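Summary of structural features
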Amino acid sequence: MDEIAVLIPCYNESKTIEKVIKDFKRALPGAVIYVYDNNSKDGTDEIARRAGAVVRYEYQQGKGNVIRRMFREIDAKCYVMTDGDDTYPADEAEKLCEAVLERNADMVVGDRLSSSYFEENKRPFHNFGNSLVRGAINSMFKSDIRDIMTGYRAFSYQFVKSFPVLSKGFEIETEMSIHAIDKNMRVENVIIQYRDRPEGSESKLNTYSDGFKVIMTIIKLYKNYKPMGFFSWIAVVLVLLSTAFLAPVMGEYFDTGLVERFPTLIVCGFVYMAAMQSFFAGLMLSTMKQKNMQDYEMSLIFLNREYQKQLAVSGDKPEDEYEYTNELCRLRHRDDRVESQV
């Protein structure tokens with residue numbers, strides 16, 4: 001198991017990857033640097049290999065696919081994720097690692113937006129999009145993550161091995177942030193300096209198409225993680241819509257004693273029924289999500305046992321402490337079985 005693993009997903013970053021690797025080698029001398037090449041056509045992999053990185057490949061296109069592969073294959077006490085475009089300073093990495101290794105943070109966010117991002121970044125729609133996404137997620141999920149879209153982060157072993165990567169592209173950062181919030185993980189914000197891409201290096205992010213994907217990802221994840229809120233809003237909208245059309249019909253009925261627009265009355269009745277179905281769907285999904293949260297917390301116990309086992313095997317933690325952790329997990333599991341039988 002590595003002490004610190006630096007993860008660099010790359011696609012056509014030949015102009016900057018060598019400098020990025022050398023900078024991180026200097027900033028984190030004991031770290032193992034992994035470059036995962038995602039079908040680059042400009043020799044990024046060979047440059048990275050000559051610079052001293054461990055080079056591996058992911059052939060499914062997309063940043064999310066690359067990170068899924070990284071998280072599956074690499075075991076480390078602390079993971080640092082960065083981009084290969086030299087926009088994130090390596091000398092800030094030590095602060096991110098300290099939060100994970102010394103303060104037990106599960107995810108550390110390299111916060112660009114509180115420093116130089118808006119001055120350095122030359123794409124105004126990116127600036128607007130980052131602010132919009134940050135505001136939307138912090139409002140929906142009652143959190144205080146200051147940079148949702150940053151590609152500079154550090155993670156604990158428990159976060160990496162319990163995070164189900166579903167996004168295929170640049171939406172992955174949004175998914176990470178919401179997962180950490182929903183699972184009540186310890187998140188820290190560390191302000192970092194940001195610099196724009198050097199001349200000749202081109203961004204792979206499409207402002208409009210990728211921005212639309214991020215917005216759709218937020219909506220989808222809100223539905224999955226906050227089903228009661230999501231379906232309650234749908235129910236409220238349907239009730240208001242139905243009431244607006246029903247009010248004139250009911251007004252005529254009270255004035256004349258007759259219903260002159262039966263089709264409107266019937267449709268409004270069905271819309272009210274749809275609102276009720278939406279509300280109860282949210283209620284049932286919310287109950288199911290609560291059970292999933294309980295299962296997730298239990299899985300963290302066994303994941304921690306696996307982590308302790310790997311530390312014991314690698315000699316980083318005494319064997320008797322590992323056995324103590326094993327015994328604790330066995331006792332908890334036995335207590336859960338007894339309670340379920342009662």
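Residues numbered from 1 in each chain as written. Predicted model: local features only at pLDDT ≥ 70, side-chain atom pairs only at ≥ 80, totals over all residues. Heavy atoms only, no water.

With respect to the nonpolar core
Of all hydrophobic cores here, the largest spans 44 residues; its most connected members are Phe71, Tyr79, Phe155 and Met176. For Met176, the contacting residues outside a window of four places in its chain are Ile67, Phe71, Met81, Met107, Arg153, Phe155, Phe159 and Phe163. Core analysis: the second largest hydrophobic core is formed by 35 residues, Val6, Cys78, Leu96 and Val100 among them. (Core = buried A, V, L, I, M, F, W, Y, C linked by side-chain atoms within 4.5 Å. Buried < 20%, exposed > 50% of the residue type's maximum accessible area, 1.4 Å probe, protein only. Contact = heavy atoms within 4.5 Å.)

As for the sheet that holds strand S3 (residues 54-57)
What the seven strands build is an open sheet, ordered S3-S2-S1-S4-S6-S5-S7; its pairing is mixed. With one partner strand each, in any of the chains shown, S3 and strand S7 (187-191) form the two edges of the open sheet. Neighbour-to-neighbour, the strand axes of the sheet open up by a mean angle of 20°, direction not taken into account. In the packing of helix H4 (residues 93-103) onto the sheet, contacts are made with strand S1 (2-10), strand S4 (76-81), strand S5 (107-111), strand S6 (153-156) and S7, and the angle to S4 comes to roughly 155°. Taken strand by strand, helix H8 (residues 172-182) contacts S4, S5, S6 and S7, and its axis lies near 45° from that of S6. (Pairing = 2+ DSSP bridges. Helix = DSSP H or I, 4+ residues; strand = E, 2+ residues; numbered from the N terminus. Axes fitted to C-alpha atoms, helices over the stretch in contact; angles between N-to-C directions.)

Section: a nonpolar patch on the surface
Side chains of Phe128, Leu132, Phe212, Ile215, Met216 and Ile219 sit close together on the surface and give an oily, nonpolar patch of about 590 Å² of accessible area. Secondary structure elements with two or more residues in the nonpolar patch: helix H6 (124-141) and helix H9 (207-225). Here the nonpolar patch takes four residues from H9, the largest share from any one element. Residue placement: Ile219 occurs in helix H9. Owing to a relative accessible area of 39%, Ile219 belongs among the partly exposed residues under this scheme. (Patch = residues over 30% accessible without salt bridge, like charges linked within 9 Å, V, L, I, M, F, W, Y side chains within 5 Å. Areas by Shrake-Rupley, 256 points an atom, 1.4 Å probe, with all protein chains shown as cover. Salt bridge = Lys/Arg side-chain N within 4 Å of Asp/Glu carboxyl O.)

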